[in-house]
Amino acid sequence: MQLKEIIATRDLTMSVRKKPVIAQVSLHICQGEIYGLVEKNDKSRQMIVQLLLGNRRPDSGEILLFGQPWNETEVQTGRVGAVFPRAAVYPKLTVRQNLEQKRMALGIARQKVLWTMEAVGLDDAAEKQARHLNTTQALKLCFAMALVSTPDLILIDQFGGKMAEQFCGLIHRLNQEYGITFLLVGSSVTPFAGLATCYGMMYDGKLLQEMSQEEMDDVCRQYVDFRVSNASKAVAQMEQMGIAQYKVINSDTIRMFERFSERGSIAASLDAGGIGVTEMILRNESPEEYYLRLAQKEQL
């Protein structure tokens, strides 16, 4: 069954002072996903967030939210929540009072405030003024302000550092128990690892690739690439050696996902069988390295 798209952008394009900042970006964020969007360029990353939240209008392209053209009422009614490291709160009001202000503005039941404080771990600081919160508590209040309406979608900007340390477990639990879709935006893939179910990799305003966690696992797992004179003959011989976990990349390259310590003897056996092995490389690429490699290709 095809998942329902929560956010879809079509050829989203934006320039600032005639310089492209976002270039024909088409994102697909589906219901129930934890989507990690990475963009190292600060201006492009900030712009895509502003566009997705409706704070800016694109030069061309469109944004669909819940299958409909973007409408600010979706944010106003609490279906979309946003978490920023420096979210606007009333500094002289307590944690509870800040959440009450948001609850009343959205017409939400009073008990949701207590539930939200408990969910983010702020119930012991309920009567503390926002200006007196420590860094961790301040981040939790930002998250609570976005969560109080139990939105369908929560966008978290600048995801990484303390934000990632504090909220990975909570994000996973809210996603699993309440089906909340998360869009995590950051400058590095690393904080998303083990949490995101999908990735969108951008560089200088261009979308390089969208991929699932399963696809990321596939490209980042350890393997040996054999460059051979004839891939089809090499496969037949490798299967005779009991090798089952492999992938034919092209006519002269086979990727093996097992028996790494035996790669030297396997290459020797292939060579003895009349199949020339011109190259043998053991690789183990991290998600961050994979993203940087994509970005490097884009710069060429």
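As the structure is a prediction and not an experimental result, all values here were calculated from the model.

## Things to note about the sheet that holds strand β4 (residues 34-39)
- In space, the six strands of this open sheet follow the order β7-β8-β9-β4-β10-β11, with mixed pairing throughout. Two strands lie at the open edges of the sheet, namely β7 (80-83) and β11 (206-212), each paired on one side alone. Between one strand axis and the next, the sheet turns by 15° as a mean value, whatever way the strands run.
- As judged from the four bridges shared by strand β8 (residues 153-156) and strand β9 (residues 181-186), these two strands associate in the parallel manner. Its bridge partner lying in β9, Ile 154 is registered against Phe 182.
- In the packing of helix α6 (residues 161-178) onto the sheet, contacts are made with β4, β7, β8 and β9, and the angle to β9 comes to roughly 160°.

## A word on unusual backbone geometry
- Even without glycine at this site, Asp 11 takes up a positive phi of about 50°.
- Looking at the element boundaries, Asp 11 is found in strand β1 (residues 5-16).
- Residue Asp 11 is classed as partly exposed on the basis of its relative accessible area of 44%.
- One non-glycine residue with positive phi stands out, namely Gln 24, at about 50°.
- Taking the relative accessible area as the measure of exposure, Gln 24 reaches 59% and is therefore exposed.

## Focus: the layout of surface pockets
- Estimated volume of the second largest pocket: approximately 210 Å³.
- Lining the second largest pocket we find Val 16, Arg 17, Lys 19, Pro 20, Val 21, Asn 41, Lys 43, Ser 44, Met 47 and Asp 204.
- Listing elements by their share of the lining of the second largest pocket, those giving two or more residues are β2 (19-25) and α1 (42-52).
- In the lining of the second largest pocket, the residues fall into four nonpolar, two polar and four charged.

## Quick notes on the confidence of the model for the protein
- Residues with a pLDDT of 70 or more make up 96% of the protein, whose mean pLDDT is 90.
- Mean pLDDT across the elements of the protein bottoms out in helix α2 (residues 72-76) (55) and peaks in β4 (97).

## Observations regarding helix α10 (residues 287-299)
- Here α10 spans 19 Å end to end across 13 residues, near enough to the 18 Å set by a 1.5 Å rise per residue.
- Those residues of α10 hidden inside the fold are in contact with β4, β10 (198-203), β11 and α7 (213-220).

## Quick look at helix α9 (residues 263-272)
- When we look at burial in α9, the residues that qualify are Ile 266, Ala 267 and Leu 270. Down the axis of α9, the sector holding all buried residues measures 100°, keeping them to one side.
- Buried-residue contacts for α9 involve β12 (223-228), α8 (231-240), β14 (253-256) and β15 (277-283).
- Trailing α9 by a residue or two, Gly 274 shows a phi angle of about 85°, which is positive.

## Points about the pairing of β8
- Taking every second residue as pointing to the same face, both faces of β8 are buried, with Leu 153 and Leu 155 on one and Ile 154 and Ile 156 on the other.
- As paired strands, β7 and β8 are joined by four bridges and run parallel to one another. The partner of Ala 82 across the bridge, within β8, is Leu 155.
- For the handedness criterion, the β-α-β arrangement of β8, α6 and β9 is classed as right-handed.

## Remarks on the packing of helix α4 (residues 111-120) against α6
- Interaxial distance between α4 and α6 falls to 10 Å at its minimum, and their mutual angle equals 130°. Taken together, the axis directions place α4 and α6 in an arrangement best described as oblique. Here Trp 115, Ala 119 and Val 120 of α4 come into contact with α6, specifically with Leu 170, Arg 173, Leu 174 and Tyr 178.
- Residues of the contact of α4 with α6, tallied by class, amount to six nonpolar, no polar and one charged.

## Structural notes on the packing of aromatic side chains
- Throughout the structure, instances matching the rule amount to five aromatic pairs.
- Summarising the aromatic geometry, the rings of Phe 143 and Phe 182 are spaced 6.5 Å apart at their centres and angled 40° between planes, so their arrangement reads as tilted. Of this pair, Phe 143 sits in helix α5 (residues 135-147) while Phe 182 sits in strand β9, and the two are 39 residues apart along the sequence.
- Aromatic pair Tyr 223 and Phe 257: ring centres 6.2 Å apart, planes at 65°, arrangement edge-to-face. With Tyr 223 in strand β12 and Phe 257 in the loop between β14 and α9, the pair connects residues that are 34 residues apart, well separated along the chain. Phe 257 carries the same exposure label as Tyr 223, and that label is buried.
- Each residue in the set Phe 143, Phe 167 and Phe 182 is aromatic and connected to the rest through ring pairs, giving one cluster.

Reading guide: rules and limits
- Residues numbered from 1 in each chain as written.
- Predicted model: local features only at pLDDT ≥ 70, side-chain atom pairs only at ≥ 80, totals over all residues.
- Heavy atoms only, no water.
- Pairing = 2+ DSSP bridges.
- Helix = DSSP H or I, 4+ residues; strand = E, 2+ residues; numbered from the N terminus.
- Axes fitted to C-alpha atoms, helices over the stretch in contact; angles between N-to-C directions.
- Contact = heavy atoms within 4.5 Å.
- Buried < 20%, exposed > 50% of the residue type's maximum accessible area, 1.4 Å probe, protein only.
- 1 Å grid on protein atoms, 1.4 Å probe; cavity = no way out; pocket = protein on both sides within 12 Å on 5 of 7 lines; lining within 4 Å.
- Points joined across faces, edges and corners; volume = space filled by probe spheres on them.
- Nonpolar A, V, L, I, M, F, W, Y, C, P; charged D, E, K, R; others polar.
- pLDDT = per-residue confidence, 0-100.
- Expected span 1.5 Å × (residues − 1).
- Arc of directions from axis to C-beta.
- Right-handed = clockwise from strand over helix to strand, strands pointing away.
- Parallel < 35°, antiparallel > 145°, perpendicular 65-115°, else oblique.
- Phe/Tyr/Trp six-rings, centres within 6.5 Å; stacked < 30°, edge-to-face > 60°.

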